[in-house]
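Residue-level structural notes
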Amino acid sequence: MSTPPRIDPEGLRCALFGFYDRDGRDLPWRRESDPYRIWVSEVMLQQTRVETAEPYYRRWMERFPTLDDLAEASRDEVLKVWEGLGYYSRARRIHDGAHMVRERFGGEIPSTAQALRELPGVGEYTAGAVASIAFGEVIPAIDGNARRVLARLFDLADPGLAELRAIMEELIDRERPGDFNQAVMELGATICTPRAPTCAACPLNSVCRARAAGTQLDRPVTKSRGKTPLREFGVAVVLDPESRLLMRRRPEEGLLGGLWEFPNTSIRPGEPSAQAARRAAAEAGAHRLESSRSAAAGPLQPVRHTFSHFRAIYRPHAFNGVPVSLPESCRWIEPPEASGLAMPVAQRKILSNWGWAARKKILA
DNA sequence: AAGTCGTGGGC
DNA sequence: TGCCCAAGACT
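Just so we're clear, the structure is a prediction, and the values are computed from it rather than from any experiment.

To continue, consider the overall build of chain A. Scanning chain A for helices and strands turns up 15 helices and nine strands. Here the C-alpha coordinates of chain A stretch approximately 80 × 50 × 35 Å along the principal axes. A buried classification covers 38% of the 364 residues belonging to chain A. Summarising the internal contacts of chain A: among those between residues at least 6 apart in sequence, 71% fall at separations of at least 24.

Structural data, given as structure tokens:
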């Protein structure tokens, strides 16, 4: 295959819009122009696939149709709607952002990328996306898709952000900047995919330099992640005499911030997991633990879970216990009430396993 | 500037 | 199974 012709911006826009207008997915936020809704969709889409985010977006808009609805909701409720979507700081930040919009911006979402960046959780990409889509600002939104598409189009091994910005400034459509940004991303998400791009179906295949050179799969270059460490946790599933479960709310910041979990602690080298679980229960305010007298006490099924930068094995143990003095972060929860708390996936699994184990022992 | 921060899906 | 990756932001 010979070197493709120099890329003509007008021709590229035309080919791209032809693809986007015909084959672009019909996504709920593409039917909206409300800046609040565009903002929510863009935050949900950070590091998250469209198919994953879409049901969350629908539920979110049912519960928080307007910025005021979000601002007036509790943190717990916001986290509950976000439960399972991951990167929970996004939920906290958009909730904080809703308050900031009302208090500092008079209830109006900022209309320029520069001002949008004042909002927590809004970085360069999200600011460009919201500004271009909701307000028509002519500014690029460069995400991982755009980076890959441009790297292949121009056969660039490892383009920097400055270089990508410069390319986009020249290519972006002045009349439909938001659609242009979305079209580039849509191409990256559906055609120009990382592992198996379907170049035959690509509207830009005749001008793609990587395709001409056969370097699609090496553009852009990726670095391997390395092995993630393994951490093991002893987990205390403590039932009090009134059949309530001892649960703890994680600190606002950090991993799984603000979510509810069973008390747990890292297993020390050589330590039995049951002992680590007892330690966790004691720290959480449960005393006089009994693990032998009850029908539903003892070891439960271990739960493996993979986080972004480590793997975890949770080793839960069920106890009967008596509350003494609970730390501020802990509460006794009626099992049915637990379903209404925002919990991480692995903790939800532990709860579910405990429920089945208890049911099984009662029937047996 | 490299590490932190979730989860589900594809191969 | 294990690894990669995803409409990134923040520190």
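At a closest axis distance of 8 Å, the pairing of helix H9 (residues 144–153) and helix H11 (residues 177–190) adopts a crossing angle of 80°. In terms of axis orientation, H9 runs roughly perpendicular to H11. Contacts from Asn145, Ala146, Arg148 and Val149 of H9 reach H11 at Val184, Met185, Leu187, Gly188 and Ala189. Of the residues that constitute the contact of H9 with H11, the class distribution is six nonpolar, two polar and one charged.

Around DNA strand C there are 31 residues in total, and Leu45, Gly123, Thr126, Asp143 and Ser224 lie nearest to it. Counting only elements with at least two residues in the surface near DNA strand C, the list comes to helix H8 (124–135), H9 and H11. Considered class by class, the residues forming the surface near DNA strand C number 10 nonpolar, 12 polar and nine charged.

A few words now on the protein's contact with DNA strand B. As a structural note, the neighbourhood of DNA strand B is formed by 18 residues, with Gly86, Tyr88, Leu255, Ser308 and Pro344 the closest of them. Split by residue class, the surface near DNA strand B holds eight nonpolar, 10 polar and no charged.

For the rest of this paragraph, the subject is the domain arrangement of chain A. Its domain assignment divides chain A into domain 1 (9–218) and domain 2 (230–363). On a C-alpha basis, the centroid separation for the pair domain 1 and domain 2 is 38 Å. In this complex, domain 1 contributes nine residues to the contact, which on the side of domain 2 involves nine residues. Broken down by secondary-structure element, the contributors of at least two residues to the side of domain 1 that touches domain 2 are helix H5 (75–82) and helix H6 (89–104). A total of four residues in the side of domain 1 that touches domain 2 trace back to one element, the largest contributor, which is H5.

Of all 10 residues making up strand S1 (residues 230–239), seven are buried, and the element is well covered by its neighbours. In the sheet, S1 pairs with strand S8 (residues 311–323) via 10 bridges, with the strands oriented parallel. Residue pairing across strands places Ala236 opposite His317, the latter belonging to S8. Two strands pair when backbone bridges link them, and S1 and strand S4 (residues 264–266) are joined in this way by three bridges, in the antiparallel orientation. Bridged to Phe233 within S4 is Ser266.

H9 sits mainly inside the fold: nine of its 10 residues count as buried. Three or more residues of H9 are buried, namely Asn145, Ala146, Arg147, Arg148, Val149, Leu150, Ala151, Arg152 and Leu153. Residues of H9 that are buried make contact with helix H10 (161–171), H11 and helix H12 (209–213). Just downstream of H9 lies Asp155, where phi reads positive at about 55°.

What follows concerns the environment of Thr228. With respect to the helices and strands, Thr228 occurs in the loop between H12 and S1. Here Thr228 falls in the partly exposed class, since 13 other C-beta atoms lie within 10 Å of it. Distance from Thr228 to His309, taken between C-alpha atoms, is 5.7 Å for residues 81 residues apart in sequence. Look past the residues within four positions of Thr228 in its chain and what remains in contact with it is His309, Phe310 and Arg311.

Where strand S7 (residues 303–306) lies against S8, four bridges are found, and the strand directions are antiparallel. Counterpart to His305 in the pairing with S8 is Ala312.

Moving on, we get to the nonpolar core. In this structure, Val130, Val235, Ala236, Val237, Val238, Ala281 and Ile350 are the most contacted members of the largest nonpolar core, which totals 94 residues. At seven residues, H8 tops the list of elements feeding residues into this core. In this structure, this core is formed jointly by two domains, domain 1 (9–218) and domain 2 (230–363), each of which donates at least three residues. Setting aside residues up to four positions removed in sequence, Ile350 forms contacts with Val235, Val237, Phe262, Val303, Tyr314 and Pro316.

Inspection of H10 places Leu164, Ile167 and Met168 among the buried residues, and these make up the whole buried set. Down the axis of H10, the buried side of the element spans an arc of 95°, and every buried residue falls inside it. Opposite the buried face of H10, at more than 90 degrees from it, the exposed residues are Ala162, Glu169 and Glu170. Structurally, H10 contributes buried residues whose contacts are with H9.

Each value, and the rule that gives it
- Residues numbered from 1 in each chain as written.
- Chains lettered and ligands numbered in written order.
- Predicted model: local features only at pLDDT ≥ 70, side-chain atom pairs only at ≥ 80, totals over all residues.
- Helix = DSSP H or I, 4+ residues; strand = E, 2+ residues; numbered from the N terminus.
- Buried ≥ 20, exposed ≤ 12 C-beta atoms within 10 Å, placed from the backbone.
- Contact = placed C-beta atoms within 7 Å.
- Axes fitted to C-alpha atoms, helices over the stretch in contact; angles between N-to-C directions.
- Parallel < 35°, antiparallel > 145°, perpendicular 65-115°, else oblique.
- Nonpolar A, V, L, I, M, F, W, Y, C, P; charged D, E, K, R; others polar.
- Near = placed C-beta within 6 Å.
- Domains from an automatic or database assignment.
- Pairing = 2+ DSSP bridges.
- Core = buried A, V, L, I, M, F, W, Y, C linked by C-beta atoms within 7 Å.
- Arc of directions from axis to C-beta.

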